[in-house]
Amino acid sequence: MIRFLLMQNRQGKTRLAKYYVPLDDDEKHQLEYEVHRLVVNRDPKFTNFVEFRNYKIIYRRYAGLFFSLCVDVNDNELALLEAIHLFVEVLDHYFGSVCELDLVFNFHKAYTVIDEFILAGEIQARSIHWSPYDRETSKKQIMERLEELEKVKD
C-alpha cells in the first residue's frame with residue numbers, strides 16, 4: 001500500500017503531496033524534510049529504493065523534481081518504479097511537456113491525475129506490466145478519463 005506520494009524540487013520545496021494515511025501537519029512536514037534529505041543526498045549510482053523507518057521509499061528524479069512513494073516493505077519496487085514513470089508520462093501528455101511550474105499553477109489538475117491513477121493507496125492502472133503495449137493501454141485509459149472530466153468541467 002502506498003502511504004504517501006511526494007513531488008519535491010531539488011531545494012526541498014514540496015510541490016505536491018498526497019497522503020493515504022492520517023498524519024498530523026507536523027508529522028507531514030517532518031516526513032517531507034526527512035524524505036527529501038534522504039533522496040537528494042543519495043548517490044545516483046545507487047538504486048532508487050531506500051529503507052525508511054518501517055517502510056520503503058521508491059523515488060525517481062525527472063529534471064528538477066523528485067517523485068517519491070512511501071510503500072510497505074513487501075510491495076514490488078520495480079512495479080512501483082514503473083508506476084512513477086507511467087504517472088510522469090501521463091502528466092507529460094496531459095500538460096504537454098510538464099514542468100515544475102505546471103504543478104505549481106495547475107495543482108488541482110495534477111491532483112486530478114493522481115486521483116485517477118491512485119485510489120486509497122493502491123494503483124488503479126492495473127495493467128502495469130513489463131510490456132510497453134500494456135503501459136500504453138493504461139496511459140490511454142487514464143487520458144480518456146481525464147478528457148471526460150475536462151468535458152464535464154466545461
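Structure report, in brief.

Rules behind the numbers
- Residues numbered from 1 in each chain as written.
- Predicted model: local features only at pLDDT ≥ 70, side-chain atom pairs only at ≥ 80, totals over all residues.
- Heavy atoms only, no water.
- Patch = residues over 30% accessible without salt bridge, like charges linked within 9 Å, V, L, I, M, F, W, Y side chains within 5 Å.
- Areas by Shrake-Rupley, 256 points an atom, 1.4 Å probe, with all protein chains shown as cover.
- Salt bridge = Lys/Arg side-chain N within 4 Å of Asp/Glu carboxyl O.
- Lys, Arg positive; Asp, Glu negative; His and termini not counted.
- Charge placed at Lys NZ, Arg CZ, Asp CG, Glu CD.
- Helix = DSSP H or I, 4+ residues; strand = E, 2+ residues; numbered from the N terminus.
- 1 Å grid on protein atoms, 1.4 Å probe; cavity = no way out; pocket = protein on both sides within 12 Å on 5 of 7 lines; lining within 4 Å.
- Points joined across faces, edges and corners; volume = space filled by probe spheres on them.
- Nonpolar A, V, L, I, M, F, W, Y, C, P; charged D, E, K, R; others polar.
- Core = buried A, V, L, I, M, F, W, Y, C linked by side-chain atoms within 4.5 Å.
- Buried < 20%, exposed > 50% of the residue type's maximum accessible area, 1.4 Å probe, protein only.
- Contact = heavy atoms within 4.5 Å.
- Pairing = 2+ DSSP bridges.
- Phe/Tyr/Trp six-rings, centres within 6.5 Å; stacked < 30°, edge-to-face > 60°.
- Axes fitted to C-alpha atoms, helices over the stretch in contact; angles between N-to-C directions.

**A closer look at a negative patch on the surface**
A surface patch of like charges, here negative, comprises Asp 24, Asp 25, Asp 26 and Glu 27. With respect to the helices, strands and loops of the structure, Asp 26 is situated in helix 1 (residues 25–40).

**With respect to empty space enclosed by the protein**
By the definition in use, this model includes one cavity of 30 Å³ or more. Lining the largest cavity are Leu 5, Phe 67, Leu 69, Ala 83, Ile 84, Phe 87, Phe 117 and Ile 118. Among the secondary structure elements, those contributing two or more residues to the lining of the largest cavity are strand 5 (65–71) and helix 2 (77–95). Ranked by the residues each element gives to the lining of the largest cavity, the list is headed by helix 2, at three residues. Per-class residue counts for the lining of the largest cavity are eight nonpolar, no polar and no charged.

**Comments concerning the nonpolar core**
Grouped together as the largest cluster of nonpolar side chains are 32 residues, with contacts concentrated most on Ile 2, Met 7, Phe 67, Phe 87 and Phe 117. Breaking this core down by element, the ones donating at least two residues are strand 1 (2–9), strand 4 (55–62), strand 5, helix 2, helix 4 (107–117) and helix 5 (132–153). Of all the elements, helix 2 adds the most residues to this core, at 11 residues. Discounting residues that sit within four places of it in the chain, Ile 2 has contacts with Tyr 20, Leu 69, Cys 70, Val 71, Leu 80, Ile 118, Gly 121 and Ile 123. Judged by nonpolar contacts, the second largest core, of 13 residues, contains Tyr 19, Val 35, Val 50 and Phe 66.

**So, the pairing of strand 5**
Counted residue by residue, strand 5 has seven buried out of seven residues, so it is predominantly covered. Relative to strand 5, strand 1 runs antiparallel, the two being bridged by seven bridges. Counterpart to Phe 4 in the pairing with strand 5 is Cys 70. Where strand 4 and strand 5 come together, seven bridges link them in antiparallel fashion.

**A few points about the packing of aromatic side chains**
One pass over the structure, following the stated rule, counts five aromatic pairs. With 5.5 Å between their ring centres and 40° between their planes, Phe 4 and Tyr 19 make a pair best called tilted. Here Phe 4 is found in strand 1, whereas its partner Tyr 19 is found in strand 2 (residues 14–19), with 15 residues between them in sequence. For the residue pair Phe 4 and Tyr 19, the accessibility class agrees, reading buried in each case. With a centroid separation of 5.4 Å and 75° between ring planes, the pair formed by Tyr 94 and Phe 95 is classed as edge-to-face. Taking the relative accessible area as the measure of exposure, Tyr 94 reaches 19% and is therefore buried. Joined through ring pairs, the aromatic side chains of Tyr 62, Phe 67, Phe 87 and Phe 117 make up one cluster.

**Comments concerning the side chain of Glu 34**
Within the fold, Glu 34 resides in helix 1. Look past the residues within four positions of Glu 34 in its chain and what remains in contact with it is Phe 52 and Arg 53.

**Some details on the sheet that holds strand 2**
In space, the five strands of this open sheet follow the order 2-1-5-4-3, with antiparallel pairing throughout. This sheet does not close on itself; its edge strands, each paired only once, are strand 2 and strand 3 (49–52). The sheet shows a mean angle of 20° between the axes of neighbouring strands, taken without regard to direction. Sheet strands touched by helix 1: strand 1, strand 2, strand 3, strand 4 and strand 5. Its angle to strand 1, the strand with the most contacts, is close to 65°. Across the sheet, helix 4 lies against strand 1 and strand 2, angled at about 35° from strand 2, the strand it touches most.

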